[in-house]
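Given next are the chains, with one letter for each unit.
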Amino acid sequence: MDVIALAETLRHSVGDDGVLTAAHVAERSAGIFRRDKLKAPLLVRPRSVAETSAVLRACHQTRASVVTHGGLTGLVRGADAGADEVILSLERLRAIEEINPIDRTAVVQAGVTVQALQEAAEAEGLMFPLDLGARGSATIGGAIATNAGGNRVVRYGMMRDMVLGVEAVLADGTVLSNLSRIIKNNTGYDLRQLFIGSEGTLGVITRATLRLREQPASRDVAMAAVADFGGLVKLLKHMDHVLGGRLSAFEVMWRDHYDLVTQPPAKSTSPLAGHYPYYVLLESLGADAERDGEAFLAALDGAHSQGIIADAAVAQSRADGDAMWAIRDDVGQLGRFAPTRTYDISLPLSVTERYVENLARDIRARWPYAHCSIFGHLGDGNLHVSVGSKDPAAERVDADALNAMVYEPLAALGGSVSAEHGIGLEKKPWLHISRSAAEIAIMRSIKEALDPMYLLNPGKIFDVPAGRGN
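All residue numbers here refer to positions counted from 1 along the written sequence of the relevant chain. Side-chain atom pairs in this predicted model are given and counted only at pLDDT of 80 or more, local residue features only at pLDDT of at least 70, and totals for whole chains, interfaces and linings cover all residues. Hydrogens and water molecules were not included; the side-chain quantities draw on all heavy atoms of the structure.

(A) Geometry of the layout of surface pockets. Estimated volume of the second largest pocket: approximately 900 Å³. Working definition: helices are DSSP H or I runs of at least four residues, strands are E runs of at least two. Numbering for both runs from the N terminus. Elements represented by at least two residues in the lining of the second largest pocket include exactly α4 (114–123), β14 (218–226), β16 (278–286), α10 (289–305) and α11 (318–329). Asp, Glu, Lys and Arg are counted as charged, while Ala, Val, Leu, Ile, Met, Phe, Trp, Tyr, Cys and Pro are counted as nonpolar; the rest, among them Gly, fall into the polar class. Split by residue class, the lining of the second largest pocket holds 13 nonpolar, eight polar and 11 charged. With a 1 Å grid spanning the protein atoms alone, the term cavity applies to any set of points in which a 1.4 Å probe fits but cannot get out, the term pocket to an open set with protein on both sides within 12 Å along at least five of seven lines, and the term lining residue to any residue with an atom within 4 Å of a point. Grid points are joined across faces, edges and corners, and a volume is the space filled by probe spheres set on the points.

Below you can see the structure in the form of structure tokens.
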């Protein structure tokens, strides 16, 4: 790749300030969870789909590989770029083009953050349901490309369930645009689904039409303590049934993790007295503030009288609810055991207790000094596992051995090695745990059809064949 010549071509398309060269690229971090710097020779910042198309066309003609960047909040090295790859950043595609209160839809550019869309929808009396801890940095394009999940999947589903239409630019610069506003559209192959969860390997998402919901009039939040895993299962079923579908979040923290985020030096404190094996953050969204609050309290009271929960604290204000959510979102405390290995997996609820018990036992046996935090969106089967060291002087936890402990049992349990962050480079060696050889072959054939030279996010999900790439 002739970097100088390509940079000059790209400047004609996006302007001088739209192209950063190696020295300026190196000043940028590889992600909000990583401290290493970017190493790519060029970073391009288009302002429109036309400019994005021109960038990809130029890179295709010179056979330059392209790695797309959104909010850089992923955990699987899906945005890693090498010294011979061009970074295409969507940071300038930040327009919320339309909020339509009649159709209850939003048309947004890919660089819009989740939080920005949430706030814009709320201003129109609507709600964008996707929510995650990195809402202020994570972008819509990245959320679509990884099929993000987050905190409210138990009620509203994954990002896939919120996308009505997608505009994407293919490797050769072709613009594929269908910004449909309708929910039912059975007119042949649903091409938008190819790009949702594709991690930038099939095309660069530039705009999307998203489904919005009515803004809830009520929000009830509580932190509950549960004495055993069976109680967690009963509590989920009980609250979902009694609340009639209003349950929007069911976030579980094992005791080790809960203690980590509610004791100094953490800023949060527990709203509950005593110590319990499990803590559950519950949220219910509804349409009648008074009646919904009464129903929420009645549901918790019923759970307590049946012995399902040992104790509970109910938020008395929005500030109380936000404080409880702050406990759940304070993943930064895991840095106290750096370097840490973090995992994002899912498995059926019926086998989760056995899986966690076996994993914790095996980790303790192999690394007695290890700290293991487990928490997650248990309402949808998603667990986050983080393993670090309590002793800075101790030998580091072996990554390969730990990967095997976490991933290999999932095959027999019907689990997934990635619940919501994708595959990237980090999980590529373990894709076979969750996908059959036939499925991987079909995935590769789709890649061959849309990006036969393997120029888009090369090496992510699966390897680049010999003779392809730049």
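(B) Layout of the sheet that holds strand β12 (residues 204–211). Strands were regarded as paired on the criterion that DSSP finds at least two bridges between them. In spatial order, the strands read β7-β8-β12-β10-β11; together these five strands make up an open sheet with antiparallel pairing. Of all strands in the sheet, those with a lone pairing partner are β7 (96–100) and β11 (175–178), marking the two edges. Adjacent strand axes in the sheet meet at a mean angle of 10°, parallel and antiparallel pairs treated alike. Any two residues whose heavy atoms approach within 4.5 Å are treated as being in contact. Only the contacting stretch of a helix is used when fitting its axis, a line to C-alpha atoms as for every element, and angles between N-to-C directions run 0 to 180 degrees. Across the sheet, helix α3 (residues 49–61) lies against β10 (163–169), β11 and β12, angled at about 45° from β10, the strand it touches most. Where α4 meets the sheet, its contacts fall on β7, β8 (105–109) and β12, and the angle it forms with β7 comes to roughly 35°.

(C) Examining the pairing of strand β5 (residues 65–69) more closely. Partly exposed residues are those whose accessible area sits between 20% and 50% of the maximum for their type, while under 20% is buried and over 50% is exposed, using a 1.4 Å probe and protein chains only. Most of β5 is tucked away: four of the five residues are buried. Pairing between β5 and strand β6 (residues 85–89): five bridges, direction parallel. Residue pairing in the sheet places Thr68 in a bridge with Leu88 of β6.

(D) Expanded view of the sheet that holds strand β20 (residues 382–389). Spatially, the seven strands line up as an open sheet ordered β17-β14-β16-β15-β19-β20-β18, and their pairing is antiparallel. Strand pairing shows two members of the sheet lacking a second neighbour, β17 (311–314) and β18 (341–346), which therefore form its edges. Averaged over all pairs of adjacent strands, the angle between their axes in this sheet comes to 15°, without regard to strand direction. Relative to β17, β14 runs antiparallel, the two being bridged by four bridges. Considered in β17, the bridge of Met223 is made with Ala313. The sheet contacts of α11 involve β14, β15 (247–254), β16, β17, β19 (370–376) and β20, and relative to β14 the element is tilted by about 50°. Sitting on the sheet, helix α13 (residues 399–413) is in contact with β18 and β20, with an inclination near 10° to β18.

(E) Expanded view of the packing of aromatic side chains. Aromatic pairs are defined between Phe, Tyr and Trp rings, using the six-membered ring for Trp, whenever the two ring centres lie within 6.5 Å; interplanar angles under 30 degrees are classed as stacked, those over 60 as edge-to-face, and all others as tilted. Tallied over the full model, the rule gives seven aromatic pairs. Both rings, one in Phe229 and one in Trp254, keep their centres 6.4 Å apart while their planes meet at 40°; by these two values the pair is tilted. Of the two residues, Phe229 is situated in helix α8 (residues 229–242) and Trp254 in strand β15; the sequence distance between them amounts to 25 residues. Judged by relative accessible area, which is 11%, Trp254 ranks as buried. With a centroid separation of 3.6 Å and 5° between ring planes, the pair formed by Tyr258 and Tyr279 is classed as stacked. Note that Tyr258 is positioned in helix α9 (residues 255–262) and Tyr279 in strand β16, a separation of 21 residues in sequence. When its relative accessible area of 1% is taken as the criterion, Tyr258 is described as buried. Placement of a positive charge over a ring is assigned whenever Lys NZ or Arg CZ falls within 6 Å of the ring centre and within 35 degrees of the normal to the ring plane. Cation over ring: Arg444 sits above Phe462, and NZ or CZ is 4.6 Å from the ring centre.

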